[in-house]
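Fold and contact review
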Amino acid sequence: MSPTDSSSAGAPSVPPTSERSAPRLKVGLSDAVVADDGAVLVTSGLGSCLGVALSDPSAGVGGLLHAMLPAADDRPGAPEKFVVDGIDATIAAMVDAGGDPDELRAKIAGAAEMIEFNANGADGSVGSRNVAAAEAALSERGIPVDGADTGGDRGRSLRFDTATGALHVSYAGGETILL
C-alpha cells in the first residue's frame, strides 16, 4: 500500500512536532503506550513485529502497539505481545483516556519477511501472519486502516505523532516515509 494523506477533516490544526514541544515516549517490544497530551510515541527494532498506530483525532488520543506474534493461542505473555490482544488492550486504554472506539483510525507498519516457519499448522512468515491478524482484528472492530507500510526484508523504526496522526516509518540507511 502506498502512503496516504494523514490529514483528517474536522481535526484541529496542530503544528508539526518540529514546531512544538511534545513529550517523547518510548514503546518497547510487546508493549503499547497511549497518550492524550500530543506526545510522540517511538519504537524501534520492528523486524517481523508489527506496529499498530491508533488514533481518535477528535479526542486527541493516540496509541502505539509493538506486537511480536499474531495471536496468543494459549501462549503466555502480556496482551501487547500479540497483535489481536494488543489491539484490544490499546483500544481499552484509549477509551479510558477519553477516546471513542467508533472514531478510531489505524496505520500499520513493520512485519518484514524475516522469519519463516510452520507452527500449529500455520504457513507463512510471522510478518505476513501479523499483518493478516491486524487487518482482520481492525476490520472486525470497524476501524479503518488509513495507511500501511508492511513486508519487505528490512527492519523499521516508528515515530507516531499523536497530535497529528502522522506515522513516520524509518528504515536502516536513513530512508523515511510518512503515513
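Residue indices follow the written sequence of each chain, beginning from 1 at its first position. Side-chain atom pairs in this predicted model are given and counted only at pLDDT of 80 or more, local residue features only at pLDDT of at least 70, and totals for whole chains, interfaces and linings cover all residues. Computation of side-chain values: all heavy atoms of the structure, hydrogens and water removed.

Of the residues in the chain, 84% have a pLDDT of 70 or more, and the chain-wide mean is 88. With pLDDT under 50 throughout, residues 1-12 is counted as low confidence; its partners more than four residues away or in other chains account for 17 contacts. Known as pLDDT, the predictor's per-residue confidence is scaled from 0 to 100. It only takes one pair of heavy atoms within 4.5 Å for two residues to be counted as in contact.

Turning to the sheet that holds strand 6 (residues 105-110), a few remarks are in order. Note on pairing: DSSP must find at least two bridges between two strands before they are called paired. Only DSSP runs of H or I with at least four residues qualify as helices, and only runs of E with at least two residues qualify as strands; both kinds are numbered from the N terminus onward. Here 5 strands make up an open sheet; going across it, the order is 2-5-4-6-7 and the pairing mixed. With partners counted over all chains shown, the strands left at the sheet margins are strand 2 (31-35) and strand 7 (145-150), one partner each. Taken pair by pair, the neighbouring strands of this sheet meet at an average axis angle of 10°, ignoring direction. Relative to strand 7, strand 6 runs parallel, the two being bridged by 5 bridges. Residue pairing for strand 7: Gly-110 is matched across the bridge by Thr-150. Helix axes are fitted to C-alpha atoms over the stretch in contact, other axes to C-alpha atoms as well, and angles between N-to-C directions run from 0 to 180 degrees. Relative to the sheet, helix 1 (residues 83-96) contacts strand 2, strand 4 (50-56) and strand 5 (61-67), its axis offset from that of strand 5 by approximately 160°.

Before going further, it helps to examine the packing of aromatic side chains. Pairing of aromatic side chains here covers Phe, Tyr and the six-membered ring of Trp, requires ring centres within 6.5 Å, and sorts the geometry by plane angle: under 30 degrees stacked, over 60 edge-to-face, intermediate tilted. Within this structure, the stated rule accounts for 0 aromatic pairs. Just above the ring of Tyr-171 sits the side chain of Arg-154; from NZ or CZ to the centre is 4.0 Å. Two conditions define a charge located above a ring, namely a distance within 6 Å from the ring centre to NZ of Lys or CZ of Arg, and an angle within 35 degrees of the ring normal.

The subject of this paragraph is the nonpolar core. As used here, the term nonpolar core means buried Ala, Val, Leu, Ile, Met, Phe, Trp, Tyr and Cys residues forming a set that is joined through side-chain atoms within 4.5 Å. Here's how the labels work: a residue is buried when its accessible area is under 20% of the maximum for its type, exposed when over 50%, partly exposed in between, all with a 1.4 Å probe on protein chains only. Core analysis: the largest hydrophobic core is formed by 21 residues, its most contacted members being Leu-50, Leu-54 and Ile-87. Elements represented by at least two residues in this core include exactly strand 4, strand 5, helix 1, strand 6 and helix 2 (126-140). No other element matches helix 2, which puts 5 residues into this core. Apart from the residues lying within four places of it in its own chain, the contact partners of Leu-50 are Leu-65, His-66, Ala-67, Val-83, Ile-108, Ala-109, Gly-110, Ala-111, Asn-130, Val-131, Ala-134 and Thr-150. Formed by 17 residues, the second largest nonpolar core is a distinct cluster that contains Leu-64, Ala-109, Phe-160 and Leu-179.

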